[in-house]
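Architecture at a glance
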Amino acid sequence: MAKARALDRRRKSVRNIRKITRTMELIATARFKKAMDRSVAARDYTTQLAKILGNIAAVGGDVAHPLLEIRPAKRAALLVLTGNRGLCGGYNGNVVRQALAMLGQWKSERVATDVSVSGKRGITALRFRGVEIASRYTAFEDKPEFAAVAPIGRAYLDTYAAGEIDRLDVAYTRFHGIAKQEAVTETLLPLAPPQAAGKTVKLASDDYDFYPSAGSILEELLPASFMARLFKCFLDAAVSEQVARMVAMKAATENAGGLIKNLSRQYNRARQSQITGEIMEILGGVEALKQ
Amino acid sequence: MAESPRGAGIHCLIVTPEATILDVVSRSVVLPLEDGQRGVGRSHAPFIGRLGAGEVRITTADGAEAGHRVFVDGGFVEVGHDVVTVITQRAVPAAKLDLAEARAALAEISGRPAVGADALKSKLRSQRAARELVRVAGRVR
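Quantities reported herein were computed from a predicted structural model and do not represent experimental measurements.

The rules behind these values
Residues numbered from 1 in each chain as written. Chains lettered and ligands numbered in written order. Predicted model: local features only at pLDDT ≥ 70, side-chain atom pairs only at ≥ 80, totals over all residues. Heavy atoms only, no water. Helix = DSSP H or I, 4+ residues; strand = E, 2+ residues; numbered from the N terminus. Buried < 20%, exposed > 50% of the residue type's maximum accessible area, 1.4 Å probe, protein only. Contact = heavy atoms within 4.5 Å. Areas by Shrake-Rupley, 256 points an atom, 1.4 Å probe, with all protein chains shown as cover. Lys, Arg positive; Asp, Glu negative; His and termini not counted. Charge placed at Lys NZ, Arg CZ, Asp CG, Glu CD. Buried area = accessible area lost by both parts, 1.4 Å probe. Salt bridge = Lys/Arg side-chain N within 4 Å of Asp/Glu carboxyl O. Pairing = 2+ DSSP bridges. Phe/Tyr/Trp six-rings, centres within 6.5 Å; stacked < 30°, edge-to-face > 60°. Lys NZ or Arg CZ within 6 Å of the ring centre and 35° of its normal. Axes fitted to C-alpha atoms, helices over the stretch in contact; angles between N-to-C directions. Parallel < 35°, antiparallel > 145°, perpendicular 65-115°, else oblique. Left-handed = near helix turned anticlockwise from the far one by under 90°. Nonpolar A, V, L, I, M, F, W, Y, C, P; charged D, E, K, R; others polar.

All right, on to the overall build of chain A then. A count of helical and extended segments in chain A gives five helices and six strands. Listing each helix as α and each strand as β along chain A from the N terminus yields α-β-α-β-α-β-α-β-β-β-α. Considering only C-alpha atoms, chain A reaches an extent of 115 × 45 × 30 Å along its principal axes. When burial is assessed residue by residue, chain A has 43% of its 291 residues classed as buried. Contacts in chain A between residues far apart in sequence, at least 24 positions, make up 77% of those at least 6 positions apart. For chain A, the exposed surface amounts to about 15,900 Å²; the carbon and sulfur share of it is 56%. Each charge class in chain A can be summarised by its mean position, and for the 44 positive and 29 negative side chains these summaries are 13 Å apart.

This part takes up the interface of chain A and chain B. With 32 residues of chain A at the contact, the number on the chain B side is 26 residues. Counting each side, the surface lost to burial between chain A and chain B is near 2,500 Å², with a carbon and sulfur contribution of 58%. Looking at the side of chain A facing chain B, the largest losses of area belong to Y45, Y211 and E220 of chain A, adding up to 28% of the total buried there. Viewed at the interface, chain B and chain A are joined by four salt bridges. Between E220 of chain A and R50 of chain B there is a salt bridge; the shortest N-O distance is 2.6 Å.

Residue and element names in this part refer to chain B. With eleven of 13 residues buried, strand β5 (residues 68-80) lies mostly within the body of the structure. Relative to strand β7 (residues 91-93), β5 is paired through three bridges, and the arrangement is antiparallel. For V70, the partnering residue across the bridge sits in β7 and is P93. One ladder, built from five bridges, connects β5 with strand β6 (residues 83-87); its direction is antiparallel. Considered in β6, the bridge of V77 is made with V86. Between β5 and β6, which follow one another and run antiparallel, lie two residues, and H81 among them has a positive phi close to 50 degrees.

For the rest of this paragraph, the subject is the packing of aromatic side chains. Taken as a whole, this structure holds five aromatic pairs over all chains when the rule is applied. On the numbers, 6.4 Å between centres and 70 degrees between planes, the contact of Y137 of chain A with F140 of chain A is edge-to-face. Overall, the relative accessible area of 11% leaves F140 of chain A in the buried class. What links up through ring pairs into an aromatic cluster is the set Y137, F140 and F234 of chain A. The aromatic ring of Y160 of chain A is capped on one face by R71 of chain A, whose charged end is 4.3 Å from the ring centroid. The ring of Y211 of chain A has R38 of chain B sitting right over it, with the charged end atom 4.1 Å from the ring centre.

Here we take up the pairing of strand β2 (residues 20-33) of chain B. Residues and elements named next belong to chain B. Alignment of strand β1 (residues 10-15) against β2, held across six bridges, turns out to be antiparallel. Each bridged residue has a counterpart across the sheet, and for I14 the counterpart in β2 is L22. Of the strand pairs in this sheet, β2 and strand β4 (residues 47-60) are connected by five bridges, and their pairing is antiparallel. Bridge assignment links V29 to a residue of β4, and that residue is I58. Pairing analysis gives five bridges linking β2 to strand β3 (residues 36-40), with the strands arranged antiparallel. Across the sheet, residue L33 finds its bridge partner in β3, namely G36. Taking the residues between adjacent antiparallel strands as the criterion, β2 and β3 are bridged by two residues.

The next point concerns unusual backbone geometry. Cis geometry marks the peptide bond from L189 of chain A to P190 of chain A; its omega dihedral reads -5 degrees. In this structure, P190 of chain A sits in the loop between β5 (180-189) and β6 (209-211). Between Y211 of chain A and the following residue, P212 of chain A, the backbone shows a cis peptide bond with an omega angle of -5 degrees. Residue placement: P212 of chain A occurs in the loop between β6 and α5 (214-290). The backbone of S43 of chain B shows a phi angle near 55 degrees, a positive value even though the residue is not glycine. Within the chain, H81 of chain B stands out as a residue other than glycine whose phi angle is a positive 50 degrees. Within the fold, H81 of chain B resides in the loop between β5 and β6. Assessed through its relative accessible area of 34%, H81 of chain B is described here as partly exposed.

For the rest of this paragraph, the subject is the packing of helix α2 (residues 91-108) of chain A against helix α3 (residues 120-128) of chain A. All names here are of chain A. Two elements in contact, α2 and α3, have axes whose closest approach is 10 Å; the angle formed by their N-to-C orientations is 50 degrees. Put simply, α2 runs oblique to α3. Read as a crossing pair, α2 and α3 show a hand that is right-handed. Between α2 and α3, the residues in contact are N92, V96 and L100 and R121, G122, A125 and L126, respectively. The residue inventory of the contact of α2 with α3, partitioned by class, reads four nonpolar, two polar and one charged.

Okay, here's the thing in structure tokens:
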């Protein structure tokens, strides 16, 4: 009896775990939808900014701005975007691995580094590996807000303008689609130079006037486009985290199902053999009484 | 987005990093450029302008002046082919502004010490924006 009862107890606890993982999957699905909507809504801004930037590049000829200048990197900053919570498969681990690879490369090039991390998981993982972390953020969950990201971006712009950092990279999970997310390190500063708007789209009447001047607009536009790209990193990271959790929890629920099936089979077999044993005992007793 | 999708009127979009907060067809749009206001009617020559803090006033297609008033804090505007696209980091419909809150923000900024040319410049800038916010919030009532 003891074995059957132990199996039953295990089966119950696996069932409870399955309930939890299934709920987590549903929550992640709902959050993913919301995060995805936000990400889609934010796309307009980036598209419009890129359009204006392209127009200026097409009209203004050579575009020169401190944010576009490539300086020899003496001191580089790395921003690592991870989640606050685990149970999302390889999501946090992959980003941390990217970050460590980048730091290793900079170390070999003798570049001083300045590491900032968002997300408790990344903070503990990097601290464990002995990385010195300058600033930590744990406030970003599944809905990063622009108002919260903006101060971080502004601080980076200020230190970059002051020459305290020569480059800024962000390690995060880029969202390509529901089936594909990948951990990447992207260089945000210096900015990639704007591409002139394609000639095919441009009409003759598209000769824009600039108020007050193309240079003045560029001065404001480049920081704005940096902010937009930084914000997009945060949004991508949030969406990818939910997808990763969804997939991980789906797998966990399926595994729990398999485990329950196995345990049930073992339990039934144990119970049956116990019953058989008892019947044999009774029969044995009857035979003994007959004699 | 070469032409206004609904024919008559100017297609006006206000886009922030988080969402497109306004997408309407209007008769005219008044924009707070960095150095003063500028009105845009139909068939305006295309331009790209830098915005200061202030309110975007949109007269809707049926002529209602009170149609839409939105406070924007800097950004850009692109005008062309009867499409006005306002790109800003912060946009709040004027009806949602709170005068007391705006006043408190202005007082806080005014009281902040600023040392050095850069800090002073940024302080003056945010002070101007806060003052504009108070003005727009005050007009709602």
